[in-house]
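Examining the three-dimensional arrangement
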Number of protein chains: 2
Amino acid sequence: MTLGAAEQFDVVIIGAGPAGLMAAVWMAQTGVKTLVIEEKLGRTLTGHADGLGSRAFEILNSFGLGESIWMESNRTIDVCLWSSSRGGLQRNSVSPNNNPGWSRFQEATLCQGRIESYLLNFVKRHENVTIEWATVPTSLEISKDKTETPGFYPIGLRTKSSSMQADEQPERTVQAKYLIGCDGAHSWVRKQLGLALEGDRTPDEHWGVIDCIPITNFPDIRKRCIIKSDGGNLMIIPREKKLVRFYIQISPTVAESFKANYCPSALMTVLKNILRPYTFDTSSTEWSTIYTVGQKLCNTFSVRDRIFLAGDAVHTHSPKAGQGMNLSSVLKGIATPEVLCTYQAERFPVAKRLVAFDRRMCSSVCSTTEEEDPNSSSDRFFDLKSTLSEENTCASGLGVVYGPGLLVTPSDNQNSVPCVDGTNLCCPHSKPYLARNIVVGGRLPSQSVLCQSDSHPWHLQDRLVSTGQWHLIIFGGNITDFTQMTRVKRLTDSLSHPQSLVNRIVLTDGSPVGSVATYMVHSAPREEVEFMDLPPILRPFDDVTGYDYSRVFADNKVSEEGCGCAYQNYGIAPEGCMVLVRPDQHVAFIGALEDTHALFKFIAKSFVVR
Amino acid sequence: MTLGAAEQFDVVIIGAGPAGLMAAVWMAQTGVKTLVIEEKLGRTLTGHADGLGSRAFEILNSFGLGESIWMESNRTIDVCLWSSSRGGLQRNSVSPNNNPGWSRFQEATLCQGRIESYLLNFVKRHENVTIEWATVPTSLEISKDKTETPGFYPIGLRTKSSSMQADEQPERTVQAKYLIGCDGAHSWVRKQLGLALEGDRTPDEHWGVIDCIPITNFPDIRKRCIIKSDGGNLMIIPREKKLVRFYIQISPTVAESFKANYCPSALMTVLKNILRPYTFDTSSTEWSTIYTVGQKLCNTFSVRDRIFLAGDAVHTHSPKAGQGMNLSSVLKGIATPEVLCTYQAERFPVAKRLVAFDRRMCSSVCSTTEEEDPNSSSDRFFDLKSTLSEENTCASGLGVVYGPGLLVTPSDNQNSVPCVDGTNLCCPHSKPYLARNIVVGGRLPSQSVLCQSDSHPWHLQDRLVSTGQWHLIIFGGNITDFTQMTRVKRLTDSLSHPQSLVNRIVLTDGSPVGSVATYMVHSAPREEVEFMDLPPILRPFDDVTGYDYSRVFADNKVSEEGCGCAYQNYGIAPEGCMVLVRPDQHVAFIGALEDTHALFKFIAKSFVVR
């Protein structure tokens, strides 16, 4: 056994499932030197997670991946609730599986393997990320005295091949500045840190999962269904192509039988029984497994702001990813290392809520109900319906709101006393009443706007590409009005000034990570606005590519595109406002066009400035 | 020189530009054994054609290619007209570059090389099509006595490598049933057939073309512009990335200068002069050329219905393709060989109108106008504006209507006398008044509808995938109404009957080419319709894949998707109708739900039936 020289990486990610690959996508995009190691020989081929929420699509789309995955996936638009009735099954209700208007994307399903494939292809286009398959970690050391110093490599990790004999292979040591453990529910990293998932395992709730092509006369087979039958409880989730996923509640006996021979026939028998009197068969089963329900959560998401746990390593849910960004900013020396504590502060409450929600969801699916008179007015699905409604609102990724912290300003309310000079100088507070439907700490909802230069309709969110850049959106109002344009010019003059804090952020050689890009959405008729008359910061010039024509948008109506309602839907008055959006599309700050001091103060707190 | 054994192909395509590749895409999709030869070493890299009309996108999308090309291309949404005024330039008008509501796609631009790349990747996924680069034809023979017999190979073609020395390479002979000449304006095939492009070449109109990244303060550089300046005439067409294409009218002297040294600097000087007083420069020129305007047309599109000419070989215009389909049907013995004469009958008038339109377009761009008082009410752009409006309507691919023929029924009008039994038995006529906004012979406009089985919103056009299959759409009305459902059932019973002509079409081993697929768009509330109660022809069953859930749609409203207006927008009354759509999405027949005899008569005329 030879010990190779230690190779150095900014970040090592352990695990190449959805959470690990999503983190790798962020690292790839922001140019961080990264190693990903994964025990398996390659990506997932069948089964496992298969759901994508609206917010997951929005995040994937900010890397240019959303549209393709959306086109390939299967949208689950309706939810049907069924129950036993007079020896048969009856449909109790059909309701929408999304909350209209929250996002242009909705819940959809696609095999985890395909999602991983899109993420892998993205990562492979970037040379700064290396993926090593069939590799497992063997030991982890963290040098305690160096964790405070940004430039050091305090983490030592030994790895070996998982496919070779132990005595014939070289063991390897790598050094890293940061480590992200995305190695699943049985996380090796979590165990090395002496941490545990906490929570109860309900011993009697076993579930079987089957992915197959159904041959059935059950009429709602292409809709999401929850069936509470005398034969047991069942969830139906239609998938891409003609696949359908079935979650089947099973007895401990069936679970044992499955474990004994790994054959889905016992599950299939239960499934057929639940669906009776409808016929059910399958021409091919793609994947099946069993699991025992348990909502668990690790109370610690990060250790010394050097090692982070993500995905199933800290909780259990589907690939609704989207973290990792702050790490790039810190690595590039742009953000202060303190911002890394926001990972625990922001994501722990989200995971906690999600796990609690999962618990309610499971209990409302599994609760046994007596067969009732179908004419009775009482609703045995009452609990389930309210849980489902919650799923599409506060439990959805769209509803995640981070509390005030280093990267989210606290909110002023309209009646609070301003500072003496009226500028919010004393502390960077947001004024949420200036954009009533944009939530500080929440993700910026998308609205359609028209590009000033070519009238192209865009979802504003599609222009906020995930590059590690922050986005300052100036809602300038009707800028053909002299007063309004004067306010905008005063703001852009402040931003453009060489001493402006926006221009004093310390950046890395040509990388956009941590810089602030300025945009404008105005409400003037776009044909009355001349591009060349706009402040130069809104049309950056480059010797090679000319002017940047993609920063100014008009909130104007146009046929068939749903444009012209951005101010109204954002709840922004004609006086406008400015909104600072983080690289992960969450809103950090809302202020008046005059609130440059508050903006700069916020930047001074979280960025390394000259 | 050795002569290899003659290899046999169903179809040989000469030329792998957009026209040849589009034909190859059709052949690939329909499983026809095809050879494509192309003189060049590979696909186009820069320059050449770059415009795609709405109809081109619709056709590409019927092969699953439209969305990706649409996302990558640049939409030209506005047209600006500029002219000289008091020594400077003034913007005379800004108007939309499309006709709202005609198509969800609009005119857009993308480098021909990228479009070819999409088509090539599609073709490469099919083993039945072989592409040979660097290969030229050397002789063509057509055996006159065999052209009438469908199964024979009457065409003999010799080819050689264009990159090897003549004396060191083997010459090769291939035999083909059909040959398509897509070899450009100087078509070798056309010359072999003794045919010529006819039309005048206007000797004084020279144009230069430059693709470059402009560095300019001209404000409309990202819009389509037509500029009539004292310095000359100019068209600006913004492209993908930050490229812009410029068409510059030049003098014979400048044309000579360009020819002498193939350098765009002379063109650039003219361009700068036209755009004065705006500054103009470029950081990189991707491509440039010059050409002399000439609208030309070959009067013969096909010879003995065995050799066909397409694209620039018969006229001059951008890649608005979409033919080739009938060839597959005839090759597979489904359609009668007579339908091939529809190529000349249908496409020649289209080309003739297009060439005439090009002539008007050029003359209205080039007409010299005196500088006018800007306050004058007379409009020097009058001609140009009406030509531009024509471009978005009747001259657009969307407006192409094929006249009655073997593959399009003539139209009855409401007052015509029906046959004695009221069934249109005597001749297959359409009843256009049953769907007032669907034009017989025109392409079926797209409307959004909801899939009955999973409520997924779809553009109806997206479900009419180009596979060579015909589509019979039953607009059944409110099928929860007993009378209406009875009418639908009577129709589907006729269609399903073993002796139905739809079931007697002679098909090739498992290929969909030439078969008729039945769909329904009803207007009943979808939650009141049970999938399993529908006629079996609308839910075909397969042992391996189960029911086909993609044939029945509801015209119901749903949030944010523009659904629920299909009947209204198609102009279909509650009684409904049936619409037979060809594999190229053009409408062949419109009848009442009772008009099965007319439908069958149409099929009997154009298909080979048992």
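Throughout this description, residue numbers start from 1 for each chain and increase along the sequence as written. As they are written, the chains are lettered A onward and the ligands numbered 1 onward, keeping that order. Predicted model: local features are reported for residues with pLDDT of at least 70 only, side-chain atom pairs are reported and counted for 80 or more only, and whole-chain, interface and lining totals are derived from all residues. Side-chain descriptors were evaluated using all non-hydrogen atoms of the structure, hydrogens and water having been removed beforehand.

Per an unreviewed UniProt entry, the recorded name for chain A is FAD-binding domain-containing protein, and the organism is Aspergillus carbonarius. UniProt positions are given in the numbering used here, feature names are shortened, and annotations may be inferred rather than shown by experiment. Turning to chain A, the UniProt record has this under Sequence similarities (unreviewed entry): "Belongs to the PheA/TfdB FAD monooxygenase family."

Some remarks on the overall build of chain A
If you tally the helices and strands in chain A, you get 14 helices and 27 strands. A 1.4 Å probe rolled over the protein chains alone gives each residue an accessible area, and that area as a share of the maximum for its type sets the label: buried under 20%, exposed over 50%, partly exposed in between. By the burial criterion, 57% of the 610 residues in chain A qualify as buried. Whether two residues are in contact is decided by their heavy atoms, any of which lying within 4.5 Å being enough. Expressed as a percentage of contacts within chain A between residues at least 6 apart in sequence, the contacts between residues at least 24 apart total 73%. Accessible surface area values rest on a Shrake-Rupley calculation with a 1.4 Å probe, where residue burial reflects the displayed protein chains alone. Summed over its atoms, the accessible surface of chain A is roughly 24400 Å², and 51% of this surface lies on carbon and sulfur atoms. A run of H or I in DSSP becomes a helix once it reaches four residues, and a run of E becomes a strand once it reaches two; helices and strands are each numbered from the N terminus.

A look at unusual backbone geometry
All names here are of chain A. In this structure, the amide linkage connecting arginine 276 to the following residue, proline 277, adopts the cis form with an omega of 10°. Note that proline 277 resides in the loop between α7 (265-275) and β16 (280-294). One non-glycine residue, alanine 134, adopts positive backbone phi at about 50°. Checked against the element boundaries, alanine 134 lands in the loop between β8 (129-132) and β9 (135-142). With relative accessibility at 10%, the residue alanine 134 sits in the buried group.

What about the sheet that holds strand β20 (residues 457-459) of chain A?
All names here are of chain A. Taken in spatial order, the seven strands make up an open sheet running β20-β19-β25-β22-β21-β26-β27, and their pairing is mixed. Both edges of this open sheet fall to β20 and β27 (587-591), since each of them pairs with a single strand only. Between one strand axis and the next, the sheet turns through 30° on average, direction left out of account. Pairing analysis gives seven bridges linking strand β21 (residues 470-477) to strand β22 (residues 516-522), with the strands arranged parallel. Looking at β22, one finds that isoleucine 473 is bridged to tyrosine 519. Each axis is a line fitted through C-alpha atoms, taken for helices only over the stretch in contact, and angles between the N-to-C directions span 0 to 180 degrees. Packing of helix α12 (residues 482-496) onto the sheet brings it into contact with β21, β22 and β26 (577-581), and relative to β21 it is tilted by some 160°. Note on pairing: two strands pair once DSSP finds at least 2 bridges between them.

Some points on the sheet that holds strand β22 (residues 516-522) of chain B
All names here are of chain B. Read across the open sheet, the seven strands follow the order β20-β19-β25-β22-β21-β26-β27; overall the sheet is mixed. One side of each edge strand has no neighbouring strand; the edge strands of this open sheet are β20 (457-459) and β27 (587-591). Each adjacent strand pair in this sheet contributes to an overall mean axis angle of 30°, direction not counted. Strand direction decides the pairing type here: strand β21 (residues 470-477) and strand β26 (residues 577-581), joined by five bridges, are antiparallel. Along β26, the bridge assignment pairs histidine 471 with valine 581. Contacts from helix α12 (residues 482-496) reach β21, β22 and β26 within the one sheet, and its direction differs from that of β21 by about 160°. Contacting β21, β26 and β27, helix α14 (residues 596-606) runs over the sheet at an angle of about 10° to β26.

Here we look at the interface of chain B and chain A
Across the boundary between the two partners, chain B contributes 42 residues, which contact 42 residues of chain A. Joining two parts hides part of their accessible area as seen by a 1.4 Å probe, and the buried area is that hidden amount summed over both. Summed over both sides, the interface of chain B with chain A buries roughly 3400 Å², with 51% coming from carbon and sulfur. In this structure, arginine 91 of chain A and glutamate 530 of chain B form a salt bridge, with 2.8 Å as the shortest nitrogen-oxygen distance. What qualifies as a polar contact is a pair of N or O atoms within 3.5 Å, subject to a donor-acceptor requirement within protein and to the restriction that residues adjacent in sequence count only when both atoms come from side chains. Taken together, the connections running from chain B to chain A amount to ten residue pairs in polar contact (both at pLDDT 80 or more). When contributions to the side of chain B that touches chain A are tallied by element, the ones reaching two or more residues are α3 (66-72), β4 (74-75), β12 (201-216), β23 (541-542) and β24 (546-547) of chain B. The leading source of residues in the side of chain B that touches chain A is β12 of chain B, at four residues. When residues are grouped by polarity, Ala, Val, Leu, Ile, Met, Phe, Trp, Tyr, Cys and Pro land in nonpolar, Asp, Glu, Lys and Arg in charged, and all others, Gly among them, in polar. When grouped by side-chain class, the residues that make up the side of chain B that touches chain A number 14 nonpolar, 13 polar and 15 charged. Basic side-chain nitrogens of Lys or Arg form a salt bridge, by our definition, when they fall within 4 Å of a carboxyl oxygen of Asp or Glu.

Notes on the environment of glycine 576 of chain B
Residues and elements named next belong to chain B. Along the chain, the position of glycine 576 falls in the loop between α13 (566-570) and β26. For the pair glycine 576 and glycine 546, spaced 30 residues apart in the sequence, the C-alpha separation amounts to 29 Å. Excluding residues within four positions of it along the chain, glycine 576 makes contact with Phe475 and Gln484.

Details of the relation of the copies chain B and chain A
Once chain B is rotated about the relating axis by 180° and shifted along it by 0.0 Å, it coincides with chain A to within an RMSD of 0.0 Å. Here the transformation between the copies is reduced to the relation of a two-fold axis. Taking C-alpha positions as the reference, the residue of chain B nearest the rotation axis is serine 68 of chain B, at 4.3 Å. Taken together, the interface assignments show that 100% of the residues at the interface of chain B recur at the interface of chain A, consistent with an identical surface on both copies. Residues reaching a pLDDT of at least 70 in both copies supply the C-alpha atoms on which the copies are superposed by least squares.

Considerations on the domain arrangement of chain A
Throughout the structure description, domain borders are defined by an automatic or database domain assignment. Domain annotation of chain A identifies domain 1 (7-73 + 110-198 + 295-351), domain 2 (77-103 + 203-292) and domain 3 (432-606). If you average the C-alpha positions of domain 2 of chain A and of domain 3 of chain A, the two centres end up 48 Å apart.

Details of the pairing of strand β19 (residues 448-451) of chain B
Residues and elements named next belong to chain B. In the sheet, β19 pairs with β20 via three bridges, with the strands oriented antiparallel. Along β20, the bridge assignment pairs leucine 450 with proline 457. Adjacent in sequence and paired antiparallel, β19 and β20 are bridged by five residues, among which serine 455 carries a positive phi angle near 65°. Pairing between β19 and strand β25 (residues 552-554): two bridges, direction antiparallel. Looking at the pairing, cysteine 451 lines up with phenylalanine 553 of β25.

Quick look at the pattern of salt bridges
All names here are of chain B. A full pass over the atoms with the stated rule returns 44 salt bridges over all chains. A salt bridge links glutamate 7 to arginine 172; the shortest N-O distance between them is 3.3 Å. One end of the pair, glutamate 7, is in strand β1 (residues 7-14); the other, arginine 172, is in strand β11 (residues 172-181), and 165 residues separate them in sequence. With a relative accessible area of 21%, arginine 172 lands in the partly exposed category. Across the salt bridge formed by glutamate 58 and arginine 55, the nearest N and O atoms sit 2.8 Å from each other.

Considerations on the packing of aromatic side chains
All names here are of chain A. Aromatic contacts are taken between Phe, Tyr and Trp rings whose centres are within 6.5 Å, Trp giving its six-membered ring; a plane angle under 30 degrees counts as stacked, one over 60 as edge-to-face, and the others as tilted. What the rule picks out here adds up to 38 aromatic pairs over all chains. Ring centres of phenylalanine 475 and tyrosine 567 lie 5.7 Å apart, and the angle between their planes is 80°; on these two criteria the pair is classed as edge-to-face. Highlighted residues: phenylalanine 475 in strand β21 and tyrosine 567 in helix α13 (residues 566-570), separated in sequence by 92 residues. Take phenylalanine 475 and tyrosine 567: they sit in the same class, and that class is buried. Here the aromatic residues Phe531, Phe541, Tyr547 and Tyr549 are joined through ring pairs into a cluster of three or more.

With respect to the packing of helix α6 (residues 252-261) of chain B against helix α7 (residues 265-275) of chain B
Residues and elements named next belong to chain B. Running from amino to carboxyl end, α6 crosses α7 at an angle of 145°, the nearest separation of the two axes being 8 Å. Taken together, the residues of α7 that come into contact with α6 (itself represented by Val254, Ser257 and Phe258) are Ala266, Leu267 and Val270. Partitioned by chemical class, the residues of the contact of α6 with α7 number five nonpolar, one polar and no charged.

Structural notes on α12 of chain B
Residue and element names in this part refer to chain B. If you check α12, its first and last C-alpha atoms are 20 Å apart, about what 15 residues at 1.5 Å a residue would give, namely 21 Å. Regarding α12, the residues found buried are Gln484, Met485, Arg487, Val488, Leu491, Thr492 and Leu495. Viewed end-on, α12 has its buried residues packed into an arc of 155°, placing them on one side of the element. Turned more than 90 degrees away from the buried face of α12 sit Phe482, Thr483, Arg490 and Asp493, all of them exposed. Every helix has an expected span of 1.5 Å times one less than the residues it contains. Throughout, the arc means the angular range of directions from the helix axis out to the C-beta atoms.

Looking at the environment of lysine 296 of chain A
All names here are of chain A. The residue lysine 296 is located in the loop between β16 and β17 (302-303) in this model. The class of lysine 296 is partly exposed, set by a relative accessible area of 21%. With 170 residues separating them in the primary sequence, lysine 296 and serine 466 have C-alpha atoms 31 Å apart.

A few points about the confidence of the model for chain A
All names here are of chain A. The predictor reports its confidence for every residue as pLDDT, a score running from 0 up to 100. In the predicted model, chain A carries a mean pLDDT of 84, and 87% of its residues have values of at least 70. Confidence over residues 414-425 falls short of pLDDT 50; this stretch has 13 contacts with residues more than four positions distant or in other chains. Of the two predicted TM-score estimates for the complex, the pTM is 0.85 and the ipTM is 0.82.

Side note on the environment of arginine 463 of chain A
Looking at the secondary structure, you find arginine 463 of chain A in helix α11 (residues 460-463). Distance from arginine 463 of chain A to serine 511 of chain A, taken between C-alpha atoms, is 18 Å for residues 48 residues apart in sequence.

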